[in-house]
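Listed below, chain by chain, are the residues.
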Amino acid sequence: MRIVFFGTPDFAVASLEALMDANFTVAAVVTAPDKPAGRGQQIQASPVKIFAESKNLPVLQPLKLKDPEFLEELKSYQADLQVIVAFRMLPESVWNMPPLGTFNLHASLLPNYRGAAPIHWAVINGETETGVTTFFLQHEIDTGDLLFQEKEAISPVDTTGDLYERLMKKGAQLVVKTAKAIQDHTIQAQPQIMTGDMKPAPKLHRATGEVHWSKTGKEIVNLVRGMHPFPGSHTQFQGKNCKLIHIEFHPEIIPDLGIGVWDSDQKTYLRVGCADGYIQILEWQMEGKKRMKIADFLRGYSFTF
């Protein structure tokens, strides 16, 4: 069975490597074009491209997925199956090309958390469980027939980064399981059952990470966990933007520490009132500064309220 693999970030590399370790024939890899990245805006290849080239796999980097030249080149690899992990939306001319179909790995238990940021939103919403799903592609994004699912618990201290690492590994094994079942013709696809309480996972924006102190402590902690380590949650402190890294909620109402009111002994703690108590800042990164424990920050920063 010949496979063409589509993916871009390191999350996808784990699945590509797992397929190769399982002795599947990867005929070619499709990934995003090289682009500027970092402070120096140096042109960088995607993690998938770097890995694929290290294994001497052909790499395709189309600007437009409907480009006739790309479609002809893709067709020339005669894929029986296409596997998609963390790639952009495909046109039907691409996903309908191989005889055994095209399946996608999604980092949630579909139909919940369809969209671009399923891991982030599961943590932001305080879920205690998520998982990974493989499904055949159809016209509407993340709506195709389900193939396999694996659950993963979310602890109260997990960040998106923690969950990302675990789901990357679990997802890679699920990709191999799915490919084997398709190859053995034992796959049994099931339609997604829609319910009225499904939660979406839309693209993240800067506004998503803004902390509103009028929220409950649990909601604020979940937001910071869900936005860490990328793209980050943030607030304003004395006119400067601060990226929150590690915070702690205390369900204790302190007189004069109202919603959004800051307080500090300027030695050991910095805290701010929220809807049902207060948030203590343990670690953050102030605009123009490095990431710091709050005690280190307080020793080097003078301020008054």
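Taking an unreviewed UniProt entry as the reference, the protein is identified by name as Methionyl-tRNA formyltransferase belonging to Aquirufa ecclesiirivi. What UniProt states about the protein under its Catalytic activity (unreviewed entry) heading is, verbatim, "L-methionyl-tRNA(fMet) + (6R)-10-formyltetrahydrofolate = N-formyl-L-methionyl-tRNA(fMet) + (6S)-5,6,7,8-tetrahydrofolate + H(+)". Of the comments in the UniProt record for the protein, the one headed Sequence similarities (unreviewed entry) reads "Belongs to the Fmt family."

(A) View of the UniProt feature "domain: Formyl transferase N-terminal" (unreviewed entry) in the protein. Taking the numbering used here, the UniProt-annotated feature "domain: Formyl transferase N-terminal" (unreviewed entry) corresponds to residues 1-177. Across residues 1-177, the secondary structure splits into 33% helix and 26% strand, with the terminal C-alpha atoms separated by 14 Å.

(B) Broad picture of the side chain of His106. With respect to the secondary-structure elements, His106 resides in strand β7 (residues 102-106). Residue class for His106 comes out buried when judged on its relative accessible area of 6%. A polar contact is formed between the side chain of His106 and the backbone oxygen of Tyr113, at a distance of 2.8 Å. If sequence neighbours within four positions are ignored, His106 has contacts with Tyr113, Arg114, Gly115, Pro118, Gly131, Val132, Thr133, Phe135 and Asp142.

(C) Representation of the UniProt feature "domain: Formyl transferase C-terminal" (unreviewed entry) in the protein. With numbering aligned to this structure, UniProt lists the feature "domain: Formyl transferase C-terminal" (unreviewed entry) at residues 203-301. End C-alpha to end C-alpha, residues 203-301 measures 36 Å, and it is 17% helix and 36% strand.

(D) How the structure looks around the packing of helix α1 (residues 10-21) against helix α2 (residues 47-54). Direction vectors running N to C along α1 and α2 enclose 25 degrees, while the axes themselves pass 8 Å from each other. By the angle between their axes, α1 is roughly parallel relative to α2. Here Asp10, Ala12, Val13, Leu16, Glu17 and Met20 of α1 come into contact with α2, specifically with Pro47, Val48 and Phe51. Considering only residue class, the contact of α1 with α2 consists of seven nonpolar, no polar and two charged.

(E) Summary view of the environment of Phe237. Here Phe237 lies in strand β10 (residues 233-237). Owing to a relative accessible area of 1%, Phe237 belongs among the buried residues under this scheme. Contacts of Phe237, omitting those with residues within four sequence positions, involve Cys242, Trp262, Leu270, Trp284, Met286, Phe297, Tyr301, Phe303 and Phe305.

Each value, and the rule that gives it
Residues numbered from 1 in each chain as written. Predicted model: local features only at pLDDT ≥ 70, side-chain atom pairs only at ≥ 80, totals over all residues. Heavy atoms only, no water. UniProt positions renumbered as here; feature names shortened; annotations may be inferred. Helix = DSSP H or I, 4+ residues; strand = E, 2+ residues; numbered from the N terminus. Buried < 20%, exposed > 50% of the residue type's maximum accessible area, 1.4 Å probe, protein only. Polar contact = N/O pair within 3.5 Å; in protein donor to acceptor, adjacent residues only side chain to side chain. Contact = heavy atoms within 4.5 Å. Axes fitted to C-alpha atoms, helices over the stretch in contact; angles between N-to-C directions. Parallel < 35°, antiparallel > 145°, perpendicular 65-115°, else oblique. Nonpolar A, V, L, I, M, F, W, Y, C, P; charged D, E, K, R; others polar.

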